[in-house]
Amino acid sequence: MVTTSSLNLVFTPTKPTSLSWKHSFPSPFTTANCTRRQNRKAYRFVVFATVLADPKPTVLVAEKLGKAGLELLKTFANVDCSYNLSPEELCTKISLCDALIVRSGTKVTREVFERSGGRLKVVGRAGVGIDNVDLSAATEHGCLVVNAPTANTIAAAEHGIALLTAMARNIAQADASIKAGKWQRSKYIGVSLVGKTLAVIGFGKVGSEVARRAKGLGMHVIAHDPYAPADRARAIGVDLLTFEEAISIADFISLHMPLTPATSKIFNDQAFSRMKKGVRIVNVARGGVIDEEALVRALDSGIVAQAALDVFTEEPPPKDSRLVLHENVTVTPHLGASTTEAQEGVAIEVAEAVIGALRGELAATAVNAPMVPAEVLTELAPFVTLSEKLGRLAVQLVAGGSGVQSVKVTYASARGPDDLDTRLLRAMITKGLIEPITSVFINLVNADFTAKQRGLRITEERFLLDGSPENPLEFIQVQIANVESKFATAISDSGEIKVEGRVKDRKPHLTKVGSFSVDVSMEGSLILCRQVDQPGMIGSVGNILGEENINVSFMSVGRIAPRKQAVMIIGVDKEPNKEALKKIGEIPAIEEFVFLKL
């Protein structure tokens, strides 16, 4: 970015040296218009004041960054390394900066973007998680947010293995014992890893690297991840199972999933009750995926023999934390990415992304939505919502052990290919498919990149309709091939999970599940039931939900023919408890059902 200020000065030719002006420059890129008025005839000329306007952008580095990343930034920009800024100090500085780089300690709030005055073009997060950046505010203010998602993969995997082995052999406890003047060989007898079963929960980049290393230690490795390609798992020698199956047979469990609404406290009392007595748990992912009070109870009862934790719900944890102080728990202070090599790699990755963004390039690691023309967004807005909900619904119909690899999207429209840009719709379908169980934020910039990284192949097909092209789309259909479904009725005649939707009154509607035609608003949460079509079914299910104080927002039934099979879809305001769902499943005429969150 090269910016030059032009100063428009008026002077008298008899006194060419008497240029006198005053102007306050709040930033090196301010354009000043300075005029000296006199009675005599004025002459105008332009002075290119490169002294006042530095051609380089300014990057504020608010937390420590590896030397290699800083050197890379300095070849392109003026770099201001100001650490430990207070929120007010950051807000004061930000109006002078084109880019900001942070780690996890600096909160980039809405006020930061507002105080930037529109100058801030990119925020770089040196790491994966971006919980400390207000993405909505960034997008509203036209600021791109990028992260560094790959550089610390090996470091995190190695730390997971280090905790696994240290826990198995009581390394930390034995070390503390000797330093306290004791010699307790019999107390710290460990367990062997060879031949034991390790469940890797979250089979992404870090999880798969942990699996490779565990295989080298002679362990039998299983995994759970609804998006893990089966062929990649087979290549490593890993069996993909459902969450319940994996945690129930594992001797060791290693966590590598992101913290999302779906994974928050997924390891709770119920999950621990399904595990083998004496299981051992490692967490180098996110603290919030474990209910820490439940883990303490599981440790005290002996269900969990040991735990090794690098992350916590609150960091740093309270000094009197029962979990941290438990004698069967090994802890480290969030060191997963703390190797010299990883820190340098993260620094280079985020520096490259920030420089690319300042050059106007689209970053593959962008995590917030780019600007979309207002007229396009206005027309496609209801279809954008429909697309995301169809993707979210379709992936929830996939059985846990299946790896989603192939998705086909069909658009029915009277418009020609040149008149309908579906990139935003495809990105939103990808968002619905991937976001529920990941920490990745999907948008038009990174949708294809993220799908490719996860082995997800999305193909598009146009179905040209006769008629007026006034409405951009008639319907959108999403099909997932080569997977098992937890709701068999969603499998179409051609063997894929299939859902279809339309926009009615600018609201998304579900119009087809498998081969069954339905018509329901895609709001809140849904219960899908396959049943024998007979009188009283709506009342039977409604009574059960009513007894549990669950409000029904709508019901719809799609059937093949009277008294044959039918699909009933029920909209509910909140998730029914297990007892209510159990009662619904026990109704004789109901052959299968599934609860889905939209």
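Above this text sits the structure in question.
Residues numbered from 1 in each chain as written. Predicted model: local features only at pLDDT ≥ 70, side-chain atom pairs only at ≥ 80, totals over all residues. Heavy atoms only, no water.

Some points on the overall build of the protein chain
Okay, so step 1: On a plain count of helices and strands, the protein chain comes out with 18 helices and 24 strands.
Okay, so step 2: Counting all 598 residues of the protein chain, 49% fall into the buried class.
Okay, so step 3: At a minimum sequence separation of 6, the contacts of the protein chain that also span at least 24 residues come to 68%.
Okay, so step 4: Of the roughly 28,000 Å² that the protein chain leaves accessible, carbon and sulfur atoms contribute 52%. (Helix = DSSP H or I, 4+ residues; strand = E, 2+ residues; numbered from the N terminus. Buried < 20%, exposed > 50% of the residue type's maximum accessible area, 1.4 Å probe, protein only. Contact = heavy atoms within 4.5 Å. Areas by Shrake-Rupley, 256 points an atom, 1.4 Å probe, with all protein chains shown as cover.)

Points about unusual backbone geometry
Okay, so step 1: Cis peptide bonds are those with omega within 30 degrees of zero, and the linkage from Glu315 to Pro316 qualifies with -5 degrees.
Okay, so step 2: With respect to the helices and strands, the residue Pro316 is situated in the loop between β13 (304-309) and α12 (322-325).
Okay, so step 3: The backbone of Asn84 shows a phi angle near 55 degrees, a positive value even though the residue is not glycine.
Okay, so step 4: Tracing the backbone shows Asn84 in the loop between β4 (78-81) and α2 (87-93).
Okay, so step 5: On the basis of relative accessible area, Asn84 is assigned to the exposed category, the value being 75%.
Okay, so step 6: Phi is positive for Arg506, close to 65 degrees, though the residue is something other than glycine.

Structural notes on the side chain of Asp98
Okay, so step 1: Summarising the element assignment, Asp98 is placed in the loop between α2 and β5 (99-102).
Okay, so step 2: The class for Asp98 is buried, based on a relative accessible area of 3%.
Okay, so step 3: Of the polar contacts made by the side chain of Asp98, one reaches the backbone nitrogen of Thr58; its length is 2.8 Å. (Polar contact = N/O pair within 3.5 Å; in protein donor to acceptor, adjacent residues only side chain to side chain.)

Brief notes about the environment of Val532
Okay, so step 1: Structurally, the position occupied by Val532 is in strand β21 (residues 525-532).
Okay, so step 2: Given the relative accessible area of 30%, Val532 is considered partly exposed.

Remarks on helix α5 (residues 153-168)
Okay, so step 1: Counted at 1.5 Å a residue, the expected span for α5 with its 16 residues is 22 Å, and the 23 Å between its end C-alpha atoms agrees.
Okay, so step 2: The buried fraction of α5 is high, at 12 of 16 residues.
Okay, so step 3: Restricting attention to buried positions, one finds in α5 the residues Thr153, Ala155, Ala156, Ala157, His159, Gly160, Ile161, Leu163, Leu164, Ala166, Met167 and Ala168.
Okay, so step 4: Of the residues flanking the end of α5, it is Asn170, one or two places downstream, whose phi is positive at about 55 degrees. (Expected span 1.5 Å × (residues − 1).)

Some details on the packing of aromatic side chains
Two measures describe an aromatic ring pair: the distance that separates the ring centres and the angle between the ring planes.
Okay, so step 1: Scanning the model with the defined rule gives 1 aromatic pair in all.
Okay, so step 2: Their ring planes at 70 degrees and their centres at 5.5 Å tell us that Phe243 and Phe267 sit as a pair that is edge-to-face. Of the two residues, Phe243 is situated in helix α9 (residues 243-249) and Phe267 in the loop between β11 (252-255) and α10 (269-273); the sequence distance between them amounts to 24 residues.
Okay, so step 3: For Phe267, a relative accessible area of 0% gives the class buried. (Phe/Tyr/Trp six-rings, centres within 6.5 Å; stacked < 30°, edge-to-face > 60°.)

Some words on the pairing of strand β6 (residues 122-125)
Okay, so step 1: Going residue by residue along β6, you find Val122 and Gly124 tucked away on one face and Val123 and Arg125 tucked away on the opposite face as well.
Okay, so step 2: Where β5 and β6 come together, 4 bridges link them in parallel fashion. Within the sheet, the bridge partner assigned to Leu100 lies in β6 and is Val123.
Okay, so step 3: Viewed along the sheet, the connection from β5 through helix α3 (residues 110-115) into β6 turns out right-handed.
Okay, so step 4: Bridge count for β6 against strand β7 (residues 144-147) is 4 bridges, and the pairing is parallel. Following the sheet pairing, Arg125 is matched in β7 by Asn147.
Okay, so step 5: In this region the chain leaves β6, passes through helix α4 (residues 135-140) and returns to the parallel neighbour β7; the handedness of that crossover is right-handed. (Pairing = 2+ DSSP bridges. Right-handed = clockwise from strand over helix to strand, strands pointing away.)

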